[in-house]
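Secondary and tertiary structure notes
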Amino acid sequence: MPRVISADEVLSTLPHGARVLVQGAAGESRVIADAVQAGVAARPDLSYVGVFLPGVNTHAYGGTFTTFFLTPELKAAAAQFLPLGYNDILSYLRAEPIDTVLFTASPADAAGQCSFGVAVDFAAELWPQIPIRIAHINPSMPHTRGHAGLPFEALTHVVRADAPLIELNEAPDDEIALAIGRNAAAFVPDGAIVQTGIGKAPGAVMRALRSRKALSLHTGFISDWALDLHEAGALAADDAVTTGLAIGTPRLYTALHASRFAFQPVAHTHAPDVLRSKCGLIAVNGALEVDLFGQAYAERVPNGFASGPGGALDFSRGAKLAGGVRILVLPSMARGASRIVTPGAGRGPVSLSRFDIDVVVTEYGAADLRGCSHDARAERLIAIAAPAHREMLKAAWDAASS
């Protein structure tokens, strides 16, 4: 049986030089995180790795931290940043000699199984290869369907505490978000299988689908908009939603026991062979900028890197295999600057190539780039840019293509 410890005892259970996998998203235990961060000065020998999301996971833990999304806190702590897609993150973590995993789990059910609840992405896949398994057993964590979880007896240590889960409160859609949602929704018919990424614009698209019927979701992430679709009658019957993460409000968390929701790890949600089987899969993802070649940039903000490519590349390629549509959504401007930019002028590396995107959507319309020449692609992208920037973009394209 696992040893029951307090959060303050977690650090003392870890062997010298331990490599620690920390579950991110809403599966992170803030109870354990607070205790670890408070005692980090006593354990400079430890190193950490985790898939932490900006605006969701706000601890830095201390020591050496390897991350795949550069949260402000981890950036300030000079974390090691690896810009990898989700399938590559999984390969990296499988090859890592990890000694300990820290995560939140539900209390055991009648069969003695604990659920990874709202965060079944990486820890749920990797725990059998990790010798020290420390779970925060939290009654607030729902016992979700899909992944079998793990036996309570497989845990080595448990921290028992009732604590609220990490929340993601999305701001109401403004007029720009509503227009983006309407423009992208035109490409999503009844009965479609849909994936979406994190962000205001992708969330607006999902909320715009409440009038659809018999939708299914196969995605790495859901938020409250998935419950909106459920309550509006837009989802298909049982097992309509397959996801790895839920990040939202208590309203969402308390509804995840419904038979429409199934949670699976990245090895399933992002797997090419699984995605190929999702006939007509529609991938909806966001970006920071798109250039006139139709290349998307999603990793670097004005003050530096913030992200790797995440799951967008995996789903874009999967949607292609499934004969579906890859939709990229973004507002036309940010702080007065155009987010449709001149060729090659996006910040940072190209996150999605021009071969990974079919349709680009802003509040001004949709640029369907399929089967287009370079000139036609540029013309369609300029047409959905902010009107104040279209003349500049056209002049830049004429100069670049002459």
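In case you missed it, the structure is sitting above this.
Note that residues are indexed from 1 along each chain, following the sequence as it is written. For this predicted model, a pLDDT threshold of at least 70 governs which residues receive local features, and a threshold of 80 or more governs which side-chain atom pairs are given and counted, while totals over whole chains, interfaces and linings are taken from all residues. Note that the side-chain values use all heavy atoms of the structure and ignore hydrogens as well as water.

With respect to helix α7 (residues 200–207)
Condition: Burial here depends on accessible area, computed with a 1.4 Å probe over protein chains only, as a share of the maximum for the residue type. Under 20% is buried, over 50% is exposed, and the range in between is partly exposed. Secondary structure elements follow DSSP: runs of H or I no shorter than four residues count as helices, runs of E no shorter than two count as strands, and numbering proceeds from the N terminus. Should any heavy atoms of two residues lie within 4.5 Å, those residues are considered in contact.
Judged by how many residues are buried, α7 sits mostly within the fold: seven of eight residues are covered. Three or more residues of α7 are buried, namely A201, P202, G203, A204, V205, M206 and R207. For α7, the elements touching its buried residues are α6 (175–185), β11 (193–196), β12 (216–218), α8 (224–231), β17 (282–286) and β22 (325–329).

A few points about the pairing of β17
Put simply, the rule reads: Between any two strands, at least two bridges found by DSSP are needed for them to pair.
By the criterion of burial, β17 is predominantly enclosed, with four of the five residues buried. For β11 and β17, the ladder comprises three bridges, and the chain directions are parallel. What sits directly across from T196, in β17, is V284. When β17 meets β22, the two strands line up parallel, connected through five bridges. The residue of β22 that forms the bridge with N285 is L328.

Remarks on the packing of aromatic side chains
So the rule is basically this: Paired rings are identified among Phe, Tyr and Trp, the last through its six-membered ring, by centres lying within 6.5 Å, and are further divided according to the angle between planes into stacked (under 30 degrees), edge-to-face (over 60) and tilted (the rest).
Enumeration according to the criterion identifies 12 aromatic pairs in this entry. Between F221 and W225, the ring centres sit 6.1 Å apart and the planes meet at 70°, which makes this aromatic pair edge-to-face. Just as F221 is buried, W225 falls in that class too. On the basis of an interplanar angle of 80° and a centroid distance of 5.8 Å, the ring pair of F293 and W397 is categorised as edge-to-face. With F293 in the loop between β18 (289–291) and β19 (296–297) and W397 in helix α14 (residues 387–401), this pair connects stretches of sequence that are 104 residues apart.

Section: the sheet that holds β18
Across the sheet, which stays open at both edges, the three strands sit in the order β19-β18-β25 with mixed pairing between neighbours. Unpaired on one side and paired on the other, β19 and β25 (340–341) mark the two borders of the sheet.

A closer look at the side chain of E96
Applied cut-off: For the purposes of these results, a polar contact is taken to be a pair of N or O atoms within 3.5 Å, where, inside protein, one atom must be able to donate a hydrogen and its partner to accept one; residues adjacent in sequence count only when each atom of the pair is a side-chain atom.
With respect to the helices and strands, the residue E96 is situated in the loop between α4 (86–95) and β6 (100–105). Engagement of the side chain of E96 in a polar contact is seen with the side chain of R19, the distance being 2.9 Å. Beyond its immediate stretch of four places on either side in the chain, E96 contacts R19 and Q129.

Looking at the pairing of strand β4 (residues 64–67)
Of the pairings in the sheet, the one linking strand β3 (residues 47–50) to β4 comprises four bridges and is parallel in character. By the bridge assignment, V49 is partnered in β4 with T66. Relative to strand β5 (residues 80–81), β4 runs parallel, the two being bridged by two bridges. What sits directly across from T67, in β5, is F81.

Description of the packing of helix α13 (residues 374–383) against α14
Selection criterion: Between the N-to-C directions of two axes lies an angle of 0 to 180 degrees, each axis being a line fitted to C-alpha atoms and, for a helix, fitted only over the stretch in contact. Angle categories are assigned with fixed cut-offs, so that under 35 degrees is roughly parallel, over 145 is roughly antiparallel, 65 to 115 is roughly perpendicular, and the rest are oblique. In this scheme the handedness of a crossing depends on how the near helix is turned from the far one: anticlockwise by less than a right angle means left-handed, clockwise means right-handed. Each residue is assigned to one class: nonpolar for Ala, Val, Leu, Ile, Met, Phe, Trp, Tyr, Cys and Pro, charged for Asp, Glu, Lys and Arg, and polar for all the others, Gly among them.
Interhelical geometry of α13 versus α14 gives an angle of 165° and a closest axis separation of 10 Å. Compared by their axis directions, α13 and α14 come out roughly antiparallel. By crossing handedness, the relation of α13 to α14 is classed as right-handed. Packed against α13, whose contacting residues are H374, D375, A378, I382 and A383, the element α14 presents R390, L393, K394, W397 and S401 at the interface. Split by residue class, the contact of α13 with α14 holds five nonpolar, two polar and three charged.

Let's talk about the pattern of salt bridges
Heads up, the condition is: Salt bridges are defined as contacts in which a side-chain nitrogen from Lys or Arg sits within 4 Å of a carboxyl oxygen from Asp or Glu.
For the structure on display, the rule yields 14 salt bridges. One salt bridge connects R326 with D358, and the closest N-O pair in it is separated by 2.6 Å. Taken together, the positions of R326 in strand β22 and D358 in the loop between β25 and β26 (359–362) put the pair 32 residues apart, joining distant regions of the chain. Taking relative accessible area as the criterion, R326 reaches 5% and is therefore assigned buried. The buried category is assigned to D358, whose relative accessible area is 8%. Residue K394 is joined to D398 by a salt bridge in which the shortest nitrogen-to-oxygen separation is 3.1 Å. One end of the pair, K394, and the other, D398, are both in helix α14, four residues apart, so they sit about a helical turn from each other. Using a relative accessible area of 47% as the deciding quantity, one classes K394 as partly exposed. Judged by its relative accessible area of 38%, D398 is partly exposed. A cluster of three or more residues bridged by salt bridges with shared partners is formed by D224, D228, E231 and R251.

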